[in-house]
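Breakdown of the fold
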Amino acid sequence: MIPRAELFKDLVADLRMAASFVTILPVASSKPAADGTVARATWALPVAGLMVGLAGAMVYEIAIRLGLTPNLAALLALATTALITGALHEDGLADTADGLGGGRTRERKLEIMRDSRIGTYGICALILSFSLRWSALAAISGPFAVTLALCAAHAAARAGVPAFMSLVPPARPDGLSASAGSPPGRSVAIAFAIGTLVLALALGPGKALVGLILLSLAGLLLARLAIRQIGGQTGDILGAFEQIGEILILLVAAALQTGR
């Protein structure tokens, strides 16, 4: 049986690892991670996402109290989440769009995805992503509802990442995704449970079920596309999956508001 002190230490280490994996915050240990450490810590990705969502919600609340319009407050909230994450997921979305949309062969697609330059497909994907998320947040009335929506979107979008990493093999032997490894089943299950719980508490059981179905379908479609075109997933593909998840959950949250 694992001592409580050691268990707590492992939990904190996993949370720090997950936060460093999806944000620019200097929270990870400076010591090299042991084999499998990153994969094991993926259960905490939705927790890290929850913190990102709360940061965006805090900025939204401050902006509203200062007298800014919901449109401006929503834009500032999105800018905050992008800043905290270093636009990591947006970069993955843009690279995925450029690679899958612009390359003719598997090798060329992977080469494009590694290129730091952004192309037409990537620009269009970013514009669409920011526009949809901004419009959804602007349509949600009230700081508390926005807080729930942001928390649900950022937690749920990352909750499916461990399952995606586990089910879809890496497209190449090196890179962020390959070095992280395949998450164990326990981490996949815990991440899914946390994401589902946050969704249900934030949006209610009905909307949470719709969100889960949409996330699952999006994950399946992206996985099939990635496997067919480049042979598996990369860090960029994971970033694209997260962005798609954010968009879908925010749209569901906005539909909850307008449907009343």
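Use the structure listed above.
Residue positions within a chain follow its written sequence, with the count starting from 1. Local features in this predicted model are restricted to residues whose pLDDT is 70 or higher, and side-chain atom pairs enter the listing and the counts only when it is 80 or higher, whereas totals over whole chains, interfaces and linings include all residues. Where side-chain values are given, they derive from all heavy atoms of the structure, hydrogens and water being excluded.

As a further point, take the side chain of Asp236. Summarising the element assignment, Asp236 is placed in helix α13 (residues 235-258). Contacts were defined at the residue level, with two residues in contact if any of their heavy atoms lie within 4.5 Å. Each residue touching Asp236, except ones within four places of it in the same chain, is listed here: Asp91, Gly92, Leu93, Asp95, Thr96 and Met113. Strands here are runs of E lasting at least two residues and helices are runs of H or I lasting at least four, both read from the DSSP assignment and numbered beginning at the N terminus.

The next thing to look at is helix α6 (residues 106-114). When accessible area is computed with a 1.4 Å probe and restricted to protein chains, residues below 20% of their type maximum are described as buried, those above 50% as exposed, and intermediate ones as partly exposed. Within α6 the residues assigned to the buried category are Lys109, Leu110, Ile112 and Met113. Summarising the axial view, the buried residues of α6 lie within an arc of 160°, below the 170-degree limit, and thus occupy one face. This arc is taken over the directions from the axis of the helix to the C-beta atoms.

Okay, the nonpolar core next. In plain words, nonpolar cores are sets of buried Ala, Val, Leu, Ile, Met, Phe, Trp, Tyr and Cys residues tied together by side-chain atoms within 4.5 Å. Leu137, Ile140, Leu199, Leu203 and Ile249 are the most contacted members of the largest nonpolar core, which totals 27 residues. Those elements giving two or more residues to this core turn out to be α3 (45-65), α4 (70-84), α7 (120-139), α8 (143-159), α11 (185-203), α12 (205-230) and α13. Looking at which element gives the most residues to this core, the answer is α8, with seven residues. Once residues within four sequence positions are removed from consideration, Ile249 is found in contact with Ala152, Ala153, Ala156, Leu199, Leu203, Gly211 and Leu215.

Let us now look at the environment of Val12. Relative to the assigned elements, Val12 resides in helix α1 (residues 4-22). Given the relative accessible area of 31%, Val12 is considered partly exposed. For the pair formed by Val12 and Ala41, sequence separation is 29 residues and the distance between their alpha carbons is 9.8 Å.

Summarising the element assignment, Asp91 is placed in helix α5 (residues 88-102). For the pair formed by Asp91 and Ser116, sequence separation is 25 residues and the distance between their alpha carbons is 9.1 Å.

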